[in-house]
Amino acid sequence: MDSLSHEEKVNAIFEYTSAVRGMIIDKTITLEKSIDMYLCNYFCKNNQTRKDIMNLVFGTERMPFDTKRQIFKVLVSRDHPAFETSNPDIHSGIIKAIETRNIFAHYILDTS
């Protein structure tokens, strides 16, 4: 990288950070969709109703990720305490993922 001009170095940094930013956002979307599926499967036992609740509620902007996270936390805490015990950081990790995603999605890279 030493033979690169200043402009080429800056462009390389922007390309790298764009790739990392995209990866973080993509992984967080995957996490959210996994929680969506868990909630749909929990509340709906037949396929058509699951599709409906996904398309009308969980898979839309009507319900923010943090609201789904809170519902997920209540259900997991109540119905799967052993999972929580074996994964003590699950809920704080989801919060951290949401916060990190929001930073990468809504702020520009500070190159100063």
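Position numbers for residues start from 1 in each chain and track the written sequence from start to end. Selection of residues for local features in this predicted model requires a pLDDT of at least 70, selection of side-chain atom pairs for listing and counting requires 80 or more, and totals for whole chains, interfaces and linings are taken over all residues. The basis for the side-chain values is all heavy atoms of the structure; hydrogens and waters are excluded.

Visitor: Before we go on, may I ask you to explain the nonpolar core in this structure?
Guide: Across soluble globular proteins, nonpolar side chains have a tendency to be buried as a group. Here, nonpolar core means buried Ala, Val, Leu, Ile, Met, Phe, Trp, Tyr and Cys residues that are tied together by side-chain atoms lying within 4.5 Å of each other. Each residue is assigned to one of three classes by its accessible area relative to the maximum for its type, calculated with a 1.4 Å probe on protein chains only: buried under 20%, partly exposed between the two thresholds, exposed over 50%. In this structure, I35, L39, F58, F72 and I94 are the most contacted members of the largest nonpolar core, which totals 14 residues. Every helix listed is a DSSP run of H or I at least four residues long, and every strand listed is a run of E at least two residues long, numbered separately from the N terminus. Among the secondary structure elements, those contributing two or more residues to this core are α1 (6-43), α2 (47-58), α3 (65-79) and α5 (90-106). Looking at this core, the element that brings in the most residues is α3, giving four residues. Only heavy atoms matter for contacts: two residues are in contact if any of them lie within 4.5 Å across the pair. Once you skip the residues sitting within four places of it in the chain, I35 turns out to touch F65, K68, F72 and I94.

Visitor: Sorry if this is basic, but what is going on with the packing of α1 against α3 here?
Guide: Axis angle and axis distance: for two packed helices, these are the angle between their axes and the distance between the axes, and together they describe the pair. Simply put, an axis is a line fit to the C-alpha atoms, just over the touching stretch for a helix, and the angle between two N-to-C directions goes from 0 to 180 degrees. Between α1 and α3, the shortest axis-to-axis distance is 10 Å and the interhelical angle comes to 55°. Of the possible angle classes, the one that applies to α1 and α3 is oblique. Here α1 and α3 pass one another in a crossing that is left-handed. Here T28, L31, E32, I35, D36, Y38, L39, Y42 and F43 of α1 lie close against α3, whose contacting residues are F65, K68, I71, F72, L75, V76, R78 and D79. Orientation labels follow simple angle bins: below 35 degrees gives roughly parallel, above 145 gives roughly antiparallel, 65 to 115 gives roughly perpendicular, and whatever is left gives oblique. A crossing counts as left-handed when the near helix is turned anticlockwise from the far one by less than a right angle, and as right-handed when that turn is clockwise.

Visitor: Sorry, what's going on with α2 here?
Guide: Because the α-helix completes a turn every 3.6 residues, residues three or four places apart line up on one side. Those residues of α2 that sit buried are R50, I53, M54 and F58. The buried residues of α2 occupy an angular sector of 105° when projected down its axis, which confines them to one face. Looking at α2, the residues exposed on the side facing more than 90 degrees away from the buried face are K51, N55 and L56. The inward-facing, buried residues of α2 abut α1 and α3. One side-chain oxygen of the residue at the start of α2 lies 3.1 Å from the amide nitrogen of Q48, identifying that residue as N46. Directions are taken from the helix axis to each C-beta atom, and the arc is the one they span. Throughout this description, a polar contact denotes any pair of N or O atoms lying within 3.5 Å of each other; where both atoms belong to protein, one of them has to be capable of donating a hydrogen while the other can accept it, and for residues adjacent in sequence the pair is counted only when both atoms sit in side chains.

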